[in-house]
Amino acid sequence: MTNERKGAAIDIEACSKFYGNFTALDDVSLRVEPGEFMSFLGPSGSGKTTTLNLIAGFTDLSKGEIRLGERPISNVPAHKRNIGVVFQHYALFPHMTVAKNVAYPLRQRGVAKAERDRLVEGALAKVHLEKFAHRYPSELSGGQQQRVALARAMVFDPSVLLMDEPLGALDKKLREVLQLEIRRIHRELGSTFVYVTHDQEEALVLSDRIAVFNKGRIEQVGTGHQLYSNPATLFVGQFIGESSILRGSHRVNGDQTALDIGGVIVSAPGTPKTGGAQVILLRPEDVTVQAPGTGPRDGRSNVIQGKVREAIYLGSAMKYEVILADGTPIVARTATQGEAFGIGASIELAWNPLDGRLLTDDGSVGGH
Amino acid sequence: MSEPESSSSFSRFLSGPALLTLPALAILILVMAVPLGTVISRSFTEGETVLENYIWFFNTPVNITVLIRTFRIAAVVTLVCVIVAYPYAYAMSVVGPRLRLILIMCVLVPFWVSGVVRTLAWVILLQDSGVINKTLLALGFDKVKLIRTQLGVTIGMTQILLPFMIMPLYAVMRGIDLRLIQAAKSLGAHPVKTFFQVYLPLSLPGVFAGATIVFILALGFYITPLLLGGQQSSMLSTLVQQQVLSLLNWGRGGAMGVVLLVATFGFLALAAPFMRQKYKMSGGAR
């Protein structure tokens, strides 16, 4: 079932939010396309929830403007914005039954009783809760309550649906089930979805695009693939997926940059975008583990010696934690078929220089 | 609950927590049950017939007038307490911890001063040549008769009973998830509607709890109506005192007490359905 009606675009234009001396949001601009599923991803205090609250109208902008469709909304009170919101702790009205909760936004809009009943039934059917219409929220499980909250936020057909860590209070299994349901509902509704989460996996599963927030700014906006394979900053590279970081003094060689890692020279494509210390970010699947001296010495691969600190069998792959001579930890994931190495083994790490990402050290290491 | 379950939980109660309640039970039986039993029995035994004291009570118009007045004053005091306490308790539940402490102190400090002293303070304020009337005169207004009126009694009782209204209200309001207000707004509810459809219903248990306490305490008020009120505003406990201490008629005084007690229980029975909640407050994850 596809829907012809499309969601509205959200334009965040140079928005800032200050609390006294504290800058919660620092000159952020972003466009969410109509009907898009966008996640705001970032650690707590990064400004993602602040941005959501600004869109919903729960907090006032300090600077900037937000447009919904083409309409500026910074002076429109929350109850007139026609935006659905799903909260982490459900925020169901405890004194109303499930049906009354879902009917609430329709009642505010003066929808006639018969039509209201029909829409409530439809919304509850979408989240598979028809049988629970006359229960009170406290009689439902967490997952069921969040489904009710979802039904309530979409029953009035808002052009935009905001979700603030809606699955944060649920266990992993239930989260995965509900993630798939949220994807399905997004497809069926055609509304614009904005989803706040600190869980990168969840963002990858759900979103068309992800905006990565850090310290009140957006570090990068892109598809999961773009963020993973081509992070704009070390923070993004670290936040999305697993990674290892190599540090050392750098020297530019034409269109390549070489790093001196305790006497070993490794290189990565590109030249430093900004001044300051440079690092190379490696993805575990790009690094090969081999016995010393066995790999190709064609001068094109980066090769560095290390000791296995941890070897973990993952079924489809082996995961190695390797320590370099200078103490740098590197994670490598290799196919299980190859030669296996035990803990303490001296090995060699090799990777294609094109797989390394040269990034400026922004001090975000350890902030995972 | 099935029979064996309840009996086993009762035996668990007897073997453990029951002992903890013994001191309180002993005091209650000694100072509450025994005197009350005496009063009730004398209301039936100290007359020509068993019901003589009760027949006298209901056949004496002044008793009925005072009984109705007692309930009316208690009702007015309760209503005023709700109106005054509601916004105050709300403010307490939303301000920061330091301001909250100040607001709590404002409620509790007068509470630590004895009711008699506070009533005497009201005498000074309300009397014909008191602070209020002097101020009114100084501002060019006429004097207002406050002392020895029902208005004076209502003012004094309201002030004394206010903490009993504020504290239960505050306890309930503090438990209301303010995100529900955000949720209501996001769903399209005007702030006024949000209050009446979401906040008020959720705070009602506190209103009922406080109102019940205030109303029942107000029914039994003695000192305040005596000192601030006149003949036209005496309450039932004043009449009981006259019967027992001035006329030494324990039978009639006892009958009055029993009538008040039964009326209070009747009121509680009427109020009980409103205090029962069909739902639980917490939405689950909190």
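Before going into details, it helps to say that this report is about the structure given with it. Owing to the predicted nature of the structure, the values given are computational and were not obtained by experimental measurement. (Residues numbered from 1 in each chain as written. Chains lettered and ligands numbered in written order. Predicted model: local features only at pLDDT ≥ 70, side-chain atom pairs only at ≥ 80, totals over all residues. Heavy atoms only, no water.)

### Comments concerning the side chain of Ser46(A)
Residue and element names in this part refer to chain A.
Reasoning step 1: As for its position among the elements, Ser46 is in the loop between strand 3 (37–41) and helix 1 (48–56).
Reasoning step 2: A distance of 2.7 Å separates the side chain of Ser46 from the backbone oxygen of Pro43, its partner in a polar contact.
Reasoning step 3: For Ser46, the residues in contact, after removing those within four places along its chain, are Phe213, Asn214, Lys215, Gly216 and Arg217. (Helix = DSSP H or I, 4+ residues; strand = E, 2+ residues; numbered from the N terminus. Polar contact = N/O pair within 3.5 Å; in protein donor to acceptor, adjacent residues only side chain to side chain. Contact = heavy atoms within 4.5 Å.)

### A look at the interface of chain B and chain A
Reasoning step 1: Taken residue by residue, the interface counts 26 residues in chain B and 26 residues in chain A.
Reasoning step 2: Taken together, the two surfaces of chain B and chain A that pack against each other cover about 2,300 Å², and 63% of this comes from carbon and sulfur.
Reasoning step 3: There are zero salt bridges connecting chain B and chain A.
Reasoning step 4: For the interface between chain B and chain A, the tally reads four residue pairs in polar contact (both at pLDDT 80 or more).
Reasoning step 5: For the side of chain B that touches chain A, the secondary structure elements donating two or more residues are helix 9 (179–186) and helix 10 (191–219) of chain B. (Buried area = accessible area lost by both parts, 1.4 Å probe. Salt bridge = Lys/Arg side-chain N within 4 Å of Asp/Glu carboxyl O.)

### Here's the deal with the side chain of Asn63(B)
Reasoning step 1: Tracing the backbone shows Asn63(B) in helix 4 (residues 61–94).
Reasoning step 2: Every residue in contact with Asn63(B), bar those within four places of it in the chain, is listed here: Trp56(B), Phe57(B), Leu236(B), Leu239(B) and Met256(B).

### A short note on a positive patch on the surface
Reasoning step 1: Residues Lys100(A), Arg107(A), Lys193(B) and Lys278(B) make up a contiguous surface patch of positive charge.
Reasoning step 2: Mapped onto the elements, Lys100(A) comes out in helix 2 (residues 98–108). (Patch = residues over 30% accessible without salt bridge, like charges linked within 9 Å, V, L, I, M, F, W, Y side chains within 5 Å. Areas by Shrake-Rupley, 256 points an atom, 1.4 Å probe, with all protein chains shown as cover. Lys, Arg positive; Asp, Glu negative; His and termini not counted. Charge placed at Lys NZ, Arg CZ, Asp CG, Glu CD.)

### Description of the sheet that holds strand 4 (residues 63–68) of chain A
All names here are of chain A.
Reasoning step 1: The antiparallel open sheet is built from four strands, whose spatial order is 2-1-4-5. With one partner strand each, in any of the chains shown, strand 2 (22–32) and strand 5 (71–72) form the two edges of the open sheet.
Reasoning step 2: Looking at chain direction, strand 4 and strand 5 are connected through two bridges and run antiparallel. Among the inter-strand pairings, Arg67 is bridged to a residue of strand 5, identified as Pro72.
Reasoning step 3: The strands that helix 1 touches are strand 1 (10–19), strand 2 and strand 4; relative to strand 1, the one it contacts most, it runs at about 115°. (Pairing = 2+ DSSP bridges. Axes fitted to C-alpha atoms, helices over the stretch in contact; angles between N-to-C directions.)

### Examining the layout of surface pockets
All names here are of chain B.
Reasoning step 1: Considering only enclosed or pocket space, the largest pocket measures out at about 420 Å³ in volume.
Reasoning step 2: Lining the largest pocket we find 14 residues, and of these Leu36, Val39, Val240, Gly257 and Val258 sit closest to its centre.
Reasoning step 3: For the lining of the largest pocket, the secondary-structure elements that each account for two or more residues are helix 2 (17–45), helix 12 (236–246) and helix 13 (250–275).
Reasoning step 4: The element contributing the most residues to the lining of the largest pocket is helix 13, with seven residues.
Reasoning step 5: Across the lining of the largest pocket, the residue classes break down as eleven nonpolar, three polar and no charged. (1 Å grid on protein atoms, 1.4 Å probe; cavity = no way out; pocket = protein on both sides within 12 Å on 5 of 7 lines; lining within 4 Å. Points joined across faces, edges and corners; volume = space filled by probe spheres on them. Nonpolar A, V, L, I, M, F, W, Y, C, P; charged D, E, K, R; others polar.)

### Considerations on empty space enclosed by the protein
All names here are of chain A.
Reasoning step 1: Using the criterion set out here, one finds two cavities of 30 Å³ or more in the structure.
Reasoning step 2: Taken as a whole, the second largest cavity spans an internal volume of roughly 30 Å³.
Reasoning step 3: Together, Gln146, Arg147, Leu150, Met163, Pro166, Leu167, Leu178 and Ile182 line the second largest cavity.
Reasoning step 4: Of all the elements in the fold, those that place two or more residues in the lining of the second largest cavity are helix 4 (142–154) and helix 5 (172–189).
Reasoning step 5: A per-element tally of the lining of the second largest cavity places helix 4 first, with three residues.
Reasoning step 6: A per-class count over the lining of the second largest cavity returns six nonpolar, one polar and one charged.

This is a description of form; function is not addressed.
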